[in-house]
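# Observations on the three-dimensional arrangement
These are the residues of each chain, in order.
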Amino acid sequence: ETGVTQSPTHLIKTRGQQVTLRCSSQSGHNTVSWYQQALGQGPQFIFQYYREEENGRGNFPPRFSGLQFPNYSSELNVNALELDDSALYLCASSLDGYYTEAFFGQGTRLTVV
Amino acid sequence: KNEVEQSPQNLTAQEGEFITINCSYSVGISALHWLQQHPGGGIVSLFMLSSGKKKHGRLIATINIQEKHSSLHITASHPRDSAVYICAARTSGSRLTFGEGTQLTVNP
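Residues numbered from 1 in each chain as written. Chains lettered and ligands numbered in written order. Predicted model: local features only at pLDDT ≥ 70, side-chain atom pairs only at ≥ 80, totals over all residues. Heavy atoms only, no water.

Right, let's get into the overall build of chain B. Counting its secondary structure elements, chain B contains zero helices and 11 strands. Starting at the N terminus, the α and β elements of chain B follow one another as β-β-β-β-β-β-β-β-β-β-β. A compact globule built from 108 residues should have a C-alpha radius of gyration of about 13 Å, and chain B, at 13 Å, falls within 12% of that. With the principal axes as the frame, chain B shows a C-alpha extent of 40 × 30 × 25 Å. Expressed as a percentage of the 108 residues in chain B, the buried residues total 47%. (Helix = DSSP H or I, 4+ residues; strand = E, 2+ residues; numbered from the N terminus. Rg over C-alpha atoms; globule rule 2.2 N^0.38 Å. Buried < 20%, exposed > 50% of the residue type's maximum accessible area, 1.4 Å probe, protein only.)

What follows is the structure in C-alpha cells.
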C-alpha cells in the first residue's frame with residue numbers, strides 16, 4: 001500500500017458546478033502529478049506541481065486548476081463542470097528527478113450529471 | 001498516432017499460459033513504467049526501467065531503447081493476474097505519458 005491518499009473516493013456533481021479533489025502525497029515526495037482517466041482509456045496528464053509551483057501542464061482548459069501546499073499535498077479544482085469531465089482522477093507523487101518511482105493514489109471517481 | 005501504444009488491447013488466456021504485452025513509444029524517455037490497474041481504479045507500479053530487463057516473481061519486463069519497445073511478460077499466469085496493464089513513458093520532467101492499457105483476463 002502506498003502513502004498516497006485521495007479524497008473523496010466518489011463524487012457526483014451537477015453540470016456547471018465546481019469541484020475540489022484532494023491528494024496527500026507520500027512522505028518526502030515534493031512532486032504531485034494529476035491525471036484524468038476516462039472510461040476505457042489510459043490516463044491523460046493534467047498538470048504537475050513541484051514545490052508549490054506548477055511545473056508542466058497537459059492539454060486541459062484553464063477551468064482545471066490546482067494548488068500544492070507547503071506539506072506537498074495538492075488540490076485539483078475544476079470549475080464549470082461538463083458531462084465529459086466524468087472520469088477517474090488520479091494523483092501520483094514522486095521525488096523530483098528523471099528516474100524516480102511514481103506512487104499513485106486510489107483515485108477519485110467523479111460523475112457529472 | 002499516440003506517443004505510447006500498447007498491444008494487444010484485450011487478451012484472454014488460460015491459467016498457466018505465458019503472456020506477453022507489448023509497448024512501443026515514439027518519444028524520448030528517461031524511463032518506462034509498467035503499471036497494473038484493478039477494477040475500482042487504483043494503480044500499482046510494477047516496474048520502472050530504463051535499460052535491459054527486470055524480474056519480480058512471475059513478472060519480467062524488458063526494454064530495447066534503440067527500438068523504443070518494451071515488453072511485459074507473465075509466466076504461469078493465474079486468474080488473480082486479471083487486470084489492466086498499462087505502460088507509461090516518463091518524458092519531460094517526471095510527467096508520464098500513458099498507453100491505452102491492455103485488459104488481461106486469465107481464466108481458470
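Our focus in this paragraph is the interface of chain B and chain A. The partner chain A presents 23 residues to the 24 residues of chain B that form the contact. Summed over both sides, the interface between chain B and chain A buries roughly 1,900 Å², with carbon and sulfur atoms accounting for 51% of that surface. For the pair chain B and chain A, the number of links is zero salt bridges. The tally of links between chain B and chain A comes to two residue pairs in polar contact (both at pLDDT 80 or more). (Contact = heavy atoms within 4.5 Å. Buried area = accessible area lost by both parts, 1.4 Å probe. Salt bridge = Lys/Arg side-chain N within 4 Å of Asp/Glu carboxyl O. Polar contact = N/O pair within 3.5 Å; in protein donor to acceptor, adjacent residues only side chain to side chain.)

For the rest of this paragraph, the subject is the pairing of strand S5 (residues 43–49) of chain B. All names here are of chain B. Where burial is concerned, most of S5 is hidden: five out of the seven residues are buried. Direction of pairing for strand S4 (residues 31–37) relative to S5: antiparallel, over a ladder of six bridges. Directly across from Gln-36, in S5, lies its bridge partner Val-44. Counting the residues that bridge the hairpin from S4 to S5 gives five residues, and of these Gly-40 lies at a positive phi of roughly 105°. (Pairing = 2+ DSSP bridges.)

As far as function goes, none of this settles anything; it's purely spatial.
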